Amino acid sequence: MFGDGTIPMIRKPFRIPSRFFPGRHLWWAAAAAAAALVVVLSLVLSGNAGSGADAKARRVLDSVAAAQTAAKDRSGAYASLWLKGEDRSLTQRGQDVSAEGAEDVRSIECGGGWLAGARVEGQVFLRSSKADGVGQDPEAVQLPECISSEARDALLTDLGVQRTWPAPDAAQLETLEDDPGYRPAYHLTPEQRWMNDPQRPFLLAGVWHYYYLYNADYPEGNGTEWFHATSTDLVHWKNEGVAIPKFRNGLGDIETGSAVVDTEGTAGFGKGAVVAILTQQDDGVQRQSLFYSTDNGYSFTSYDGNPVMDNPGAEHWRDPRIVRDEANNQWLMLLAEGHKIGFYTSQDLKRWNYVSGLDREGLGILECPDFFQMDVDGDPSRRTWVLAAGANGAAEGRTTGLAYWTGTWDGKGFAADGEHQWLDAGPDFYAAVTWDDPRLTDGQRKSSRHAIGWMNNWAYARELPTRDWFGAASVVRDIRLESDGGRPALVSTPTRALESLEGPAEPVAEGPLAEDGEVLPVPASGAFKVDLELEKLESGTGEARVLLQSGGKAYATVGYDFAEGKAFVARDGDEVASGPRPDASGDKAAAQETYRQVSATEGAPGRGSVRLTAYVDRSSVEVFVDGGRQTVTSLVFPPSGGKDVRLAAAGGTVNITSGSVTPLARIR
């Protein structure tokens, strides 16, 4: 920005690290009557609205309006802008924007109109293409038909507007009288029996529809089917039962695939039909079948022409991921084919043509591919494709997880711009799927999207000490693609709607950590969040450790090693790792050895401070470092005994600059 307050028509005049702006994360509608949630938008004003702030905001938003008019005249389209982000599209397509006196400016567009907001003296003012007026009441602003209230609310979040939720029901924060064992409080699990791979959710009429693989016959019988759950906030879930049952059409069980809303009815089942394409396996042969729904995804019919893709003789040929490639007016399918991801295209979701493949050795058998576009640092001029797949990281000292590549797609082939990266450093974030919110503008959808993974690992999934139920899903995360001055990487944080589960936070005392540690004020329910700002006070090593204890002994440790710049989770004292050791040559012994491995993020040495956030549930911990640039997801199974949490230091002096412990409510 120039000294006169204008935003110059150059790309990236400055960069401010996004971790300083928590409003960058999208948040979603949590208002369901069934959940009795009330959305309250609080602008957190720094004083009464005065003519000075109002006049400044009006000048800024008038300048945005003039730039939008210029962009429409020059390029035939409106453009987006974010002063504290990286988006300068409006100044590039239209003209300079005078932002003098504004702390932040954000504008979104939808083809048929635009909405802009300016933060001035701690207050947020809005204006749209529908009216010249400037106001502070979000509900009073006239929106173009193509901009939804959800898109407006996401813009407000970008500008630092804080959303608040009513306090959760006190009963949902209390400890259950009947011991729930290891069943999580706020993670989705099956009511009984087995769950594994998640299937990408879709939105219809304000309701998210989510499916996961389910085996009601486990452990006696085999075969999975699609179990259906719905939500309005991606936190609270309602079980809807089995949507696609197994062993009904003579082609085997129902395995992983994709469900898409066929808005234009390209498959011939009517506009808005839900079409699921998935793998069926019979006698070891994998084929792709199509099922369709005309009741919004609650029940499905097997297509008479199944399988729509017969196996060409491949051992591994599964997990179709369906993507709408709008730029090339086609449907796109990705298939996991051993060490290769195959790309196929179609006009009607029934007839598919192979167009290319991407081979990658050293990552084991690839599974559950995903493919999507994102804007690097929220900049539409840096839009890129991301290819992801479940992979084996044994060659890199990991177990399984989600590997991904960034690159380009030309309608027929994907070209990676470098080697793979990993979304999560833990052993228990697998078969993940990602999706965006169709209620947002295109730019908003490309700057952030959701993700969820199966919180388990095939190396030991059948050896865990749960009763009656097996498997859990991670919390839903919001992911972004950020460069931070280097190679673009996916960054993930818990979705903002999880704040609706938070009870009253208890502060953690500031000051140096002792080696023998101090007990944190965690709830007896076993469901809570620990949030810490830490700094190293002297040279040498230095670790901060959050010790999860049972009976006075640590069964798992969440830590940060300042010397190596790594977050880690060790669980060598929990029920699985420290249980009776079978014969060293047995499968159970191998599973136990895999389970005992310490999980750590990539190192970032030289940092003197770090923010460490851990979401702890009754049988898991999800760790987020510095706004999600590093994450570790891990199952943990505490032995019997009284539970507590101790915070300690090792190898050097570590100081707590701020911290809190927040209880989290049950979702059932």
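If you look the chain up in an unreviewed UniProt entry, it shows as Levanbiose-producing levanase domain protein from Pseudarthrobacter siccitolerans. Of the comments in the UniProt record for the chain, the one headed Sequence similarities (unreviewed entry) reads "Belongs to the glycosyl hydrolase 32 family."

Colleague: Looking at this structure, how should I read the overall build of the chain?
Modeller: Scanning the chain from N- to C-terminus turns up six helices and 44 strands. Taking 2.2 N^0.38 as the reference for a compact globule, 668 residues should give roughly 26 Å; the C-alpha atoms of the chain span a radius of gyration of 25 Å, in line with that estimate. With the C-alpha coordinates of the chain rotated into their principal frame, the extents come out at 75 × 65 × 45 Å. When each of the 668 residues of the chain is scored for burial, the buried share is 58%. Long-range contacts, defined here as pairs at least 24 residues apart, represent 63% of the contacts in the chain between residues at least 6 apart. Accessible area of the chain: about 25400 Å², with a carbon and sulfur share of 47%.

Colleague: Just to check I follow, could you spell out the domain arrangement of the chain for this structure?
Modeller: Accessible area lost during the coming together of the parts is what is often quoted as the interface size. Looking at the assigned domains, one finds that the chain contains domain 1 (52–159), domain 2 (189–494) and domain 3 (502–663). In this structure, domain 1 and domain 3 have C-alpha centres spaced 43 Å apart.

Colleague: Would you mind going over the environment of His 236 with me for this structure?
Modeller: Counting through the fold element by element, His 236 comes out in the loop between strand 12 (225–231) and strand 13 (238–244). A residue is classified by how much of its surface remains accessible, and His 236, at 23% relative accessible area, is partly exposed. Residues His 236 and Gln 330, spaced 94 residues apart in sequence, show a C-alpha to C-alpha distance of 34 Å. With residues near it in sequence (within four places) discarded, His 236 still touches Thr 230, Ser 231, Ser 500, Leu 501 and Ile 667.

Colleague: Help me understand the packing of aromatic side chains in this model?
Modeller: To describe a pair of aromatic rings, you give the distance between the ring centres and the angle between the ring planes. Summed over all chains, the structure comprises 25 aromatic pairs. For the pair Phe 371 and Trp 409, a centre-to-centre distance of 5.7 Å together with 85° between the ring planes defines the contact as edge-to-face. Placement of the pair is Phe 371 in strand 22 (residues 367–375) and Trp 409 in strand 24 (residues 400–409), with a sequence separation of 38 residues. Taking the relative accessible area as the measure of exposure, Phe 371 reaches 2% and is therefore buried. Overall, Trp 409 belongs to the buried group, its relative accessible area being 10%. Counting every residue linked through ring pairs, the aromatic cluster contains Trp 194, Tyr 218, Trp 454, Trp 458 and Phe 470. A cation over an aromatic ring shows up here: Lys 350 above the ring of Phe 269, its NZ or CZ 4.8 Å from the ring centre.

Colleague: Where do I start with the nonpolar core in this structure?
Modeller: As a rule of thumb, nonpolar side chains are buried together in soluble globular proteins. Within the largest apolar cluster, 33 residues are counted, with the highest numbers of intra-cluster contacts made by Leu 534, Val 621, Val 623 and Leu 647. Elements that contribute at least two residues to this core include exactly strand 35 (528–536), strand 36 (543–550), strand 37 (553–561), strand 38 (566–570), strand 40 (609–617), strand 41 (620–625), strand 43 (643–650) and strand 44 (654–663). With sequence-adjacent residues up to four places away left out, Leu 647 is seen in contact with Val 508, Leu 513, Gly 517, Glu 518, Leu 520, Leu 532, Arg 545, Val 546 and Ile 656. If you look at the next biggest cluster of nonpolar residues, it comprises 31 residues, including Leu 188, Leu 234, Val 475 and Ala 527.

Colleague: In this structure, what is going on with the sheet that holds strand 28 (residues 449–454)? I would like to understand it.
Modeller: Strand-to-strand pairing in sheets goes through backbone hydrogen bonds, with the strands running parallel or antiparallel. Read from one edge to the other, the open sheet built from four strands follows the order 27-28-30-31, with strand pairing classed as antiparallel. Strands at the two margins of the open sheet, each flanked by one partner only, are strand 27 (430–435) and strand 31 (489–494). Shown here is a sheet whose adjacent strand axes are inclined to one another by a mean of 35°, direction ignored. Where strand 28 meets strand 30 (residues 477–482), three bridges bridge the pair, whose relative direction is antiparallel. For Ala 451, the partnering residue across the bridge sits in strand 30 and is Arg 477.

Colleague: What's the story with the pattern of salt bridges in this structure? I'm lost.
Modeller: One side chain can pair with another of opposite charge once the charged atoms of both are near each other. Under the defined criterion, the tally for this structure stands at 36 salt bridges. Among the ionic pairs, Asp 132 bridges to Arg 127, the shortest N-O distance being 3.1 Å. Owing to a relative accessible area of 8%, Arg 127 belongs among the buried residues under this scheme. We note a salt bridge from Asp 626 to Arg 607, for which the minimum N-O separation is 2.6 Å. A residue pair is termed long-range when its members are at least 10 positions apart, and Asp 626 in the loop between strand 41 and strand 42 (630–635) and Arg 607 in the loop between strand 39 (599–600) and strand 40 qualify at 19 residues. Looking at Asp 626, the relative accessible area reads 11%, which means it is buried. Among the charged side chains, a salt-bridge network with shared partners connects Asp 375, Arg 383, Asp 442 and Lys 446.

Colleague: Got a minute to help me understand the UniProt feature "domain: Glycosyl hydrolase family 32 N-terminal" (unreviewed entry) in the chain in this structure?
Modeller: Feature annotation in UniProt assigns "domain: Glycosyl hydrolase family 32 N-terminal" (unreviewed entry) to the following positions: residues 187–491. The annotated region residues 187–491 carries 2% helix and 49% strand content, and the separation between its end C-alpha atoms amounts to 21 Å.

Colleague: Quick question: what am I supposed to make of the side chain of Asn 655 here?
Modeller: Along the polypeptide, Asn 655 turns up in strand 44. A residue is classified by how much of its surface remains accessible, and Asn 655, at 12% relative accessible area, is buried. Apart from the residues within four sequence positions on either side, Asn 655 is in contact with Gly 511, Pro 512, Glu 533, Leu 534, Glu 535 and Leu 537.

What counts and what doesn't
- Residues numbered from 1 in each chain as written.
- Predicted model: local features only at pLDDT ≥ 70, side-chain atom pairs only at ≥ 80, totals over all residues.
- Heavy atoms only, no water.
- UniProt positions renumbered as here; feature names shortened; annotations may be inferred.
- Helix = DSSP H or I, 4+ residues; strand = E, 2+ residues; numbered from the N terminus.
- Rg over C-alpha atoms; globule rule 2.2 N^0.38 Å.
- Buried < 20%, exposed > 50% of the residue type's maximum accessible area, 1.4 Å probe, protein only.
- Contact = heavy atoms within 4.5 Å.
- Areas by Shrake-Rupley, 256 points an atom, 1.4 Å probe, with all protein chains shown as cover.
- Domains from an automatic or database assignment.
- Phe/Tyr/Trp six-rings, centres within 6.5 Å; stacked < 30°, edge-to-face > 60°.
- Lys NZ or Arg CZ within 6 Å of the ring centre and 35° of its normal.
- Core = buried A, V, L, I, M, F, W, Y, C linked by side-chain atoms within 4.5 Å.
- Pairing = 2+ DSSP bridges.
- Axes fitted to C-alpha atoms, helices over the stretch in contact; angles between N-to-C directions.
- Salt bridge = Lys/Arg side-chain N within 4 Å of Asp/Glu carboxyl O.

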